[in-house]
Amino acid sequence: MAATDTGDANRAGAGSAGGELEAELARLLAVESFDPPAGFTPRQPEQADARDAAADPVGFWAAKARELLSWDKPFTRVLDDTNPPFYRWFDDGELNVSANCLDRHVAAGLGERVAYHWRGEEGERRDVTYAELLADTQKLANGLLSLGVAAGDVVGIYLPMIPEVAVAMLACARIGAVHNVVFGGFAPSAVRERMEVSDAKVLITVDGARRKGRTAAVKAGVDEEMADLPKLEHVVVVRSTGPVGGVETAMRAGRDVWYDELLAAADPVCPPAPLGAEHPLFILYSSGSTAKPKGILHTTGGYLLGATYTHRAVFDLDPETDVYWCSADVGWITGHSYIVYGPLSNGVTSVMYEGAPDYPDFDIWWQLIAEYKVTIFYTAPTAIRACIKWGAEYPARHDLSSLRVLGSVGEPINPKAWLWYHEVIGGGRCPIVDTWWQTETGSIMISPIPGITSTKPGSATRPLPGITPALLTEDGEPLAEGTGVLVITSPWPSMLRTLYRDDERFVQTYFSRFGPRTYLVGDAARLDADGYFWIIGRIDDVINVSGHRLSTAEVESALVSHEAVAEAAVVAQADADTGQAIVAFVTLRGDQVGDDDMIAELRDHVAHRIGKLARPRRVIWAEDLPKTRSGKIMRRLLRDVAEGRELGDVTTLRDPSVMAALAAKVATAP
Ligand code: PRX
């Protein structure tokens, strides 16, 4: 059944009584496919792109690279695929990412356009124009050069959602330094690990960070963890909150420098370095199957093209008139591609918000959308589910009629959340783009095109032009329909180039199962008769909590680093709010008592080692864990037990009675 009538949908929008809304959502749950809203006229010629890409994918990307990016030296080679999986794009061309994001707009007379309407969590406002961003970027770039940073050096960035985070990334890009942003919600010890393995020379951080009315001493935490990193020569500190808890931020002479003082002393002019298209732009650590995070490496030309093109196409962007807001954090790939590089390269005005969606009240997002007349809003299913819980009365307080396109990212969106987003936030008028992609892919891969693709709640629909996903059976046979392993069968410009300093792990993780020309995504998916993709979830030991990727091994290794713990196994459990939640099965050392205090202590310990987002939702005391005869923990069985499923075959276990004991424990655990 297809729905074309948007009139009904509008009536279910903000302002309607709760009962009516419930009834309308229940009715819409039966609707399988939604045609593009009748009043929505797309701006971009996407069908032409799809045709061009189908006829000649490499030629299509070459044309887009020439049309959308400014090159210092035009490329003559588009794709070098002679050494798969080490693909190279546009590799004899030269360009600078910061010049594409800033200088070209200022040169075109758009310097006074606001790049970011920034809002602090206490309501502070700062409008940062493209000209201001360019001025600060040049000064910081010179500041970094004065600290001895050269092209190819790694610069760590550990900052909250303040405009300086964009300046820091762009300043690195300007001089060819490779940034390594760490999510502000990660603990300093996780930052240390990421600085150490990447040999970061400089870290740009902040005195303190605010969260829901409290201020955390970030620099003090950095000092505690990073006093003895031999390669870390300087720490640049943004003065954001001032003294934390009355304590002045300590600065170590010779190593630490205030950001504002560095800028004040710097030459205001720093010409953008023309860099080879394959020059590394950034590393972003992400979770994989082992405890060691993967340093996903992206390069200059292909990455910028992916971010720029998809940001335009997927959001039907008009940089002249749109006001765009992505609610992610810059510390994730979504923030890199769709808060910083895509929006700035396209020259649009964005909103950047420092705070949480429920502070000072549950309606702050909707207040910002109404105030800045946001036309495109991009968020995660987990946030939508939280908003549903808080209630439709919060969006109903504000005029959301400026919205035109809504986006979703990070995890499968359940139809109920999709419909609520569509009706309550979008008033039935706004196409929803459910965008599937990964840190590795650099930019969106599978997504509807607003106004063109009919949408089915829960499906990311079809691949974008130039992208070739496919489903394979376990044996590598292609599937025209059904459930299988998701792969991508040809290279695309914004693909990861390698894992930082670990080519072997790169090949092993992504290109060993089906050969060097078939990228193994790590997700299972279903392909329906209309060629729509439905992402099911990960096939590896990666957990997706609120759209944040964590590895079971990383959490396990944090748990066993606690002196009371003998062994731990971590699995994901389906969760109505966060998509998945972490369940830890823990065996304590003989003399230790598994009580509520110990649960609290272990949760704190994980928060301290990785970050709050990695804290287990449930801790279950296990006398023994289900292991095969060769000693491998069978997490699949633990997942069955955690989710209350009938247990499958346990005969391969060394001690099959372990599972019955665990099932009894889970039944009584909180
Ligand atoms: O499992 C998929 C899920 O998130 C994984 C990628 O995580 P990360 O690299 O952290 O990037 C998240 C933001 C792009 C994928 O392997 N995922 C991402 N988007 C979707 C999704 N699952 C279903 N639907 C999506 N739209």
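Residues numbered from 1 in each chain as written. Predicted model: local features only at pLDDT ≥ 70, side-chain atom pairs only at ≥ 80, totals over all residues. Heavy atoms only, no water.

**Student:** Can you walk me through the overall build of the protein in this structure?
**Tutor:** Per the secondary structure count, the protein includes 21 helices and 33 strands. Overall, the C-alpha framework of the protein stretches about 70 × 65 × 55 Å when taken along its three principal axes. Relative to its full complement of 670 residues, the protein shows a buried share of 60%. The long-range fraction of contacts in the protein, counting pairs at least 24 apart against all pairs at least 6 apart in sequence, stands at 72%. Seen as two clouds, the 64 positive and the 90 negative side-chain charges of the protein have centres 1 Å apart. (Helix = DSSP H or I, 4+ residues; strand = E, 2+ residues; numbered from the N terminus. Buried < 20%, exposed > 50% of the residue type's maximum accessible area, 1.4 Å probe, protein only. Contact = heavy atoms within 4.5 Å. Lys, Arg positive; Asp, Glu negative; His and termini not counted. Charge placed at Lys NZ, Arg CZ, Asp CG, Glu CD.)

**Student:** What's the story with helix H21 (residues 657-668) in this structure? I'm lost.
**Tutor:** Three or four residues apart is the spacing at which side chains of an α-helix point the same way, because the helix has 3.6 residues per turn. Helix length check: H21 (12 residues) gives 18 Å between terminal C-alpha atoms against 16 Å at 1.5 Å per residue, within 8%. Along H21, the residues that are buried comprise Val658, Met659, Leu662 and Val666. Here the buried residues of H21 occupy an arc of 90° about the axis, which is enough to place them on one side. Set apart from the buried face of H21 by more than 90 degrees, the exposed residues are Ala660, Ala667 and Thr668. Structurally, H21 contributes buried residues whose contacts are with strand S32 (579-588), strand S33 (618-621) and helix H20 (635-642). (Expected span 1.5 Å × (residues − 1). Arc of directions from axis to C-beta.)

**Student:** Help me understand the site of the ligand, please; the structure alone is not making it clear to me.
**Tutor:** Close contacts around the ligand come from 17 residues, with Asp434, Thr435, Thr439, Arg538 and Arg549 the closest. Between the ligand and Pro412, the relevant distance is 3.5 Å, taken from a nitrogen atom to a main-chain nitrogen or oxygen of the residue. Thr439 has a polar side-chain atom sitting 2.6 Å from an oxygen atom of the ligand. Within the complex, the protein chains bury 96% of what would otherwise be the 540 Å² of accessible surface of the ligand. At the level of elements, helix H12 (333-346), strand S22 (432-435) and strand S28 (533-538) are the ones that each hand at least two residues to the shell around the ligand. Residues that form the shell around the ligand fall into these classes: 6 nonpolar, 6 polar and 5 charged. (Near = heavy atom within 4 Å. Polar contact = N/O pair within 3.5 Å; in protein donor to acceptor, adjacent residues only side chain to side chain. Areas by Shrake-Rupley, 256 points an atom, 1.4 Å probe, with all protein chains shown as cover. Nonpolar A, V, L, I, M, F, W, Y, C, P; charged D, E, K, R; others polar.)

**Student:** Could you clarify how one ought to interpret the UniProt feature "domain: AMP-dependent synthetase/ligase" (unreviewed entry) in the protein in this entry?
**Tutor:** Per the UniProt record, the feature "domain: AMP-dependent synthetase/ligase" (unreviewed entry) sits at residues 105-492. Across residues 105-492, helical content stands at 32% and strand content at 23%; the span's end C-alpha atoms are separated by 27 Å. (UniProt positions renumbered as here; feature names shortened; annotations may be inferred.)

**Student:** Quick question: what am I supposed to make of the environment of Ala131 here?
**Tutor:** For Ala131, the position within the fold is in helix H6 (residues 130-146). Residue Ala131 is classed as partly exposed on the basis of its relative accessible area of 26%. Sequence separation between Ala131 and Leu102 is 29 residues; the distance between their C-alpha atoms is 7.5 Å. With sequence-adjacent residues up to four places away left out, Ala131 is seen in contact with Val106, Gly111 and Glu112.

**Student:** I'm lost on the sheet that holds strand S17 (residues 294-299) in this one. Help?
**Tutor:** Sheets are built from strands that pair by backbone hydrogen bonding, the pairs being arranged parallel or antiparallel. Pairing within the open sheet is mixed, and its 8 strands lie in the order S14-S13-S10-S8-S9-S16-S17-S26. Only two strands of the sheet have a single partner each, and these edge strands are strand S14 (256-258) and strand S26 (498-499). Here strand S9 (residues 178-181) runs beside strand S16 (residues 280-286); their pairing, made up of 2 bridges, is parallel. Each residue of the ladder has a partner; that of Asn180, found in S16, is Ile283. (Pairing = 2+ DSSP bridges.)

**Student:** Sorry, what's going on with the state of the cysteines here?
**Tutor:** Formally, a disulfide is one covalent bond, and it connects the sulfur atom of one cysteine to the sulfur atom of another. With the rule as written, the count across this model stands at 0 disulfides. No disulfide involves Cys172; its sulfur sits 11 Å from the nearest other cysteine sulfur, which is in Cys270. Its sulfur unpaired, Cys326 is 14 Å from the next cysteine sulfur, which belongs to Cys387. Given a relative accessible area of 4%, Cys326 falls into the buried group. (Disulfide = S-S within 2.5 Å.)

**Student:** What am I meant to see in the domain arrangement of the protein here?
**Tutor:** How big an interface is tends to be expressed through the accessible area that disappears when the partners come together. Domain annotation of the protein identifies domain 1 (46-522) and domain 2 (546-667). Centre-to-centre, using C-alpha coordinates, domain 1 lies 32 Å away from domain 2. Contact with domain 1, which involves 24 residues of that partner, is made by 20 residues of domain 2. The junction of domain 1 with domain 2 conceals about 1600 Å² of combined surface from both sides, 44% of it contributed by carbon and sulfur atoms. It is Ser287, Ala291 and Trp332 in domain 1 that bury the most area against domain 2; as a group they hold 28% of the surface buried on that side. Linking Glu440 and Arg549 is a salt bridge whose minimum nitrogen-to-oxygen distance equals 2.9 Å. In terms of residue class, the side of domain 1 that touches domain 2 is made up of 6 nonpolar, 11 polar and 7 charged. (Domains from an automatic or database assignment. Buried area = accessible area lost by both parts, 1.4 Å probe. Salt bridge = Lys/Arg side-chain N within 4 Å of Asp/Glu carboxyl O.)

**Student:** Would you mind showing me how to read the nonpolar core here?
**Tutor:** Among soluble globular proteins, nonpolar side chains are generally buried collectively. Within the largest apolar cluster, 161 residues are counted, with the highest numbers of intra-cluster contacts made by Leu140, Ile204, Phe315, Tyr341 and Val586. Two domains each donate at least three residues to this core, and these are domain 1 (46-522) and domain 2 (546-667). Leave out the neighbours within four places in its chain, and Ile204 touches Leu140, Leu144, Val155, Gly156, Ile157, Tyr158, Leu159, Ala168, Val236 and Val238. Counting residues in each nonpolar core, the second largest holds 34 residues, with Phe34, Leu403, Val424 and Ile425 among its members. (Core = buried A, V, L, I, M, F, W, Y, C linked by side-chain atoms within 4.5 Å.)

**Student:** How should I be thinking about the UniProt feature "domain: Acetyl-coenzyme A synthetase N-terminal" (unreviewed entry) in the protein in this particular structure?
**Tutor:** As annotated by UniProt and renumbered to match this structure, "domain: Acetyl-coenzyme A synthetase N-terminal" (unreviewed entry) occupies residues 49-101. Across residues 49-101, helical content stands at 45% and strand content at 11%; the span's end C-alpha atoms are separated by 23 Å.

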